[in-house]
Amino acid sequence: LDSWDVAVCTIEKGNSIINRLVEEGCLSDVGMVVVDEAHMIGENERGYILEIMLSKLLFHDKDRRIQIVGMSATLPNVDQIAQWLGAQLFRSDFRPVPLKEYVKFKDKIMDSALTTVSTLSTQNLPKRLNDNDHASLLAFEVAGANKSCLVFCGSKKVTEACAIAIASNFSILYEHFKDIPTTRMTVAPDTLPPGQRLGFIRLDNTNNLTEKRKTVLERLRRTPGGLDPKLEQTVPQGVAFHHAGMTMEERDIIESAYRDGTILILTCTSTLAAGVNLPAQRVIFRNFQAISMKENADVIRYKQMCG
């Protein structure tokens, strides 16, 4: 323990280190403990470990020489936690990007007050489009403006199937929109609710993106497991999937391509929201009931997933 000044570790490893310091009587050597994602204290599987670790710090550090800093964007009972820790509470509602939440029911888009703000119109779209829940259309609104979108699904299998379906529909939509003139931008498309942005589609940089996506495929082909045939089918359309069944190298390549805009649509499971910070203009939940049942998702998990 004498060989380092800062330790960045998991909850489990942090608890182990605290145990050893207590046993050796060296807890006073610690000056600060920072707990990021402090809302994890409420998790069923790991939360008790974090609570035990903090309790030990409070018990053994009677003089409060160790500074405990907890950080969270979604902690519901933050006042109680601050009181328990004997901490000063600092709040901030600042967001660099405003978060707007909508509910889609059939072809209606409603705001958080369940007031209809727009209607999805599919009358002029190609008949061969297979998009019953409009997930492809909602994702294409964002991708058509070269922005990124996360689509959360309930399982690994559904995640892959969703990526294939969106990629297939994208090839049809790109063909449909390529000859349609872009609407003059009298308003910022980002301020419009879902369903009203199709008139602002701009299909630029397609040649450059094509080359970048070929590079992504080559990198995936060089991985030990080789190129997944499903990714070979989706990546050329700017679509990929991400789940725990993939190798670490595969996930790193996909995450990197998503961050730099080569991949615009990423279908994923809720595990992506834990520990992976990826940008998104839009987040879509396909069948949130299935996601919540599969992943035990509560309000805190939902807030983490939607940003």
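Small disclaimer: the values here were computed from a predicted structure and weren't measured.

Q: Explanation requested: the overall build of the protein chain in the structure shown.
A: Looking only at helices and strands, the protein chain features ten helices and nine strands. A burial count over the protein chain gives 41% of its 307 residues as buried. At a minimum sequence separation of 6, the contacts of the protein chain that also span at least 24 residues come to 66%. About 18,100 Å² of surface is accessible on the protein chain, with carbon and sulfur atoms providing 50% of the total.

Q: Looking at this model, I keep getting lost on the sheet that holds strand β8 (residues 265-268). Mind explaining?
A: Think of a sheet as strands paired side by side through backbone hydrogen bonds, with each pair either parallel or antiparallel. If you trace the four strands from one edge of the open sheet to the other, you get β7-β8-β6-β9, paired in parallel fashion. Two strands in the sheet have a free side with no partner beyond their single neighbour: β7 (239-242) and β9 (282-285). With strand direction ignored, the average angle separating the axes of adjacent strands in the sheet is 20 degrees. Lying over the sheet, helix α8 (residues 248-259) contacts β6 (149-152), β7 and β8, oriented at roughly 135 degrees with respect to β7. Where helix α10 (residues 299-306) meets the sheet, it contacts β6 and β9, and its direction lies at approximately 140 degrees from that of β9.

Q: What is the right way to look at the pairing of strand β2 (residues 67-70) in this model?
A: The two faces of the sheet receive side chains in turn, since in a regular strand these alternate between them. For strand β1 (residues 32-35) and β2, the ladder comprises four bridges, and the chain directions are parallel. When the sheet's bridge partners are listed, Val34 is paired in β2 with Val69. With respect to chirality, the unit in which β1 leads through helix α2 (residues 47-60) into the neighbouring parallel β2 is right-handed.

Q: How do you make sense of the confidence of the model for the protein chain when you look at a structure like this?
A: Any segment with low pLDDT has predicted coordinates that should not be analysed in fine detail. The predicted model of the protein chain has a mean per-residue pLDDT of 83, with 85% of residues at 70 or higher. Within the protein chain, no element has a lower average pLDDT than helix α9 (residues 288-295), which sits at 60, and none a higher one than helix α7 (residues 229-234), at 95. Confidence drops under a pLDDT of 50 for residues 183-189, and excluding neighbours within four residues, the segment shows nine contacts in the predicted structure.

Q: Would you take a moment to explain unusual backbone geometry for this structure?
A: A negative phi angle characterises most non-glycine residues, just as the trans form characterises most peptide bonds. Residues other than glycine seldom take positive phi values, yet Arg64 does so here, at roughly 55 degrees. Note that Arg64 resides in the loop between α2 and β2. Judged by its relative accessible area of 46%, Arg64 falls in the partly exposed class. The backbone phi angle of Leu114 is positive, close to 60 degrees, even though this residue is not glycine. Along the chain, the position of Leu114 falls in the loop between β4 (108-110) and β5 (116-119).

Q: What is the right way to read the pattern of salt bridges from this model?
A: Between side chains of opposite charge, pairing is possible as soon as their charged atoms come close. All chains considered together, the criterion is met by ten salt bridges. Note that Arg286 and Asp133 form a salt bridge whose closest N and O atoms lie 2.7 Å from each other. With Arg286 in the loop between β9 and α9 and Asp133 in the loop between β5 and α4 (135-143), this pair connects stretches of sequence that are 153 residues apart. Taking relative accessible area as the criterion, Asp133 reaches 29% and is therefore assigned partly exposed. Where salt bridges share partners, they join Glu218, Arg221 and Glu232 into one cluster.

Q: For this particular structure, what's the right way to read the packing of aromatic side chains?
A: Both the distance between ring centres and the angle between the ring planes are used here to describe each pair of aromatic rings. Considering all chains together, one arrives at four aromatic pairs under this definition. Consider the rings of Phe140 and Phe170, whose centres lie 5.3 Å apart with planes at 75 degrees: the pair is edge-to-face. Within this pair, whereas Phe140 is found in helix α4, its partner Phe170 is found in helix α5 (residues 156-177), the two being separated by 30 residues in sequence. Its relative accessible area of 0% is what places Phe140 among the buried residues. Judged by its relative accessible area of 0%, Phe170 is buried.

Q: Where do I start with the environment of Ile172 in this structure?
A: As for its placement among the helices and strands, Ile172 is situated in helix α5. Along the sequence, Ile172 and Leu125 sit 47 residues apart, while their C-alpha atoms lie 9.3 Å from each other. For Ile172, the contacting residues outside a window of four places in its chain are Pro126, Arg128 and Leu129.

Q: Looking at this structure, how should I read the packing of helix α1 (residues 11-23) against α2?
A: When two helices pack together, their arrangement is given by the angle between the helix axes and by the axis-to-axis distance. Contact geometry of α1 with α2 gives a least axis separation of 9 Å together with a crossing angle of 25 degrees. Put simply, α1 runs roughly parallel to α2. Crossing angle aside, the handedness with which α1 passes α2 is left-handed. In this structure, α1 uses Ile11, Glu12, Gly14, Asn15, Ile18, Asn19 and Val22 to contact α2, whose residues at the interface are Ile49, Leu50, Ile52, Met53, Lys56, Leu57 and His60.

Q: Just checking my understanding: could you explain a nonpolar patch on the surface for this structure?
A: Where nonpolar side chains cluster on the molecular surface, the patch consists of Met32, Val34 and Met71 and spans about 270 Å² of accessible area. Within the secondary structure, Met32 is located in strand β1.

Reading the values: rules and limits
- In every chain, residue numbers begin from 1 and rise along the written sequence.
- In view of the model being predicted, local features appear only for residues whose pLDDT reaches at least 70, and side-chain atom pairs are presented and counted only at 80 or more, with totals across whole chains, interfaces and linings using the full set of residues.
- As a convention, hydrogens and water are excluded, and side-chain values are obtained from all of the structure's heavy atoms.
- Segments assigned H or I by DSSP are reported as helices when at least four residues long, segments assigned E as strands when at least two residues long, and all are numbered from the N terminus.
- Partly exposed residues are those whose accessible area sits between 20% and 50% of the maximum for their type, while under 20% is buried and over 50% is exposed, using a 1.4 Å probe and protein chains only.
- By definition, residues are in contact when any of their heavy atoms lie within 4.5 Å.
- The accessible surface values rely on the Shrake-Rupley method and a 1.4 Å probe; as for residues, cover is taken only from the protein chains in view.
- Two strands qualify as a pair provided that DSSP identifies no fewer than 2 bridges between them.
- To define axes, lines are fitted to C-alpha atoms, for helices over the stretch in contact only, and angles between the resulting N-to-C directions are given on a 0 to 180 degree scale.
- When the strands point away from the viewer, a crossover counts as right-handed if the path from the first strand over the helix to the second runs clockwise.
- The score called pLDDT rates the predictor's confidence residue by residue, from a low of 0 to a high of 100.
- Note on definitions: salt bridges are taken to be side-chain nitrogens of Lys or Arg within 4 Å of carboxyl oxygens of Asp or Glu.
- Each Phe, Tyr or Trp ring, with Trp reduced to its six-membered ring, pairs with another whose centre is within 6.5 Å; inter-plane angles below 30 degrees give stacked pairs, above 60 give edge-to-face pairs, and intermediate values give tilted ones.
- Small angles under 35 degrees read as roughly parallel and large ones over 145 as roughly antiparallel, with 65 to 115 read as roughly perpendicular and the rest as oblique.
- With the far helix as reference, a near helix turned anticlockwise by less than a right angle produces a left-handed crossing, and one turned clockwise produces a right-handed crossing.
- In this scheme, patches are assembled from residues that exceed 30% relative accessible area and form no salt bridge. Like charges are connected within 9 Å, while nonpolar side chains (Val, Leu, Ile, Met, Phe, Trp, Tyr) are connected within 5 Å.

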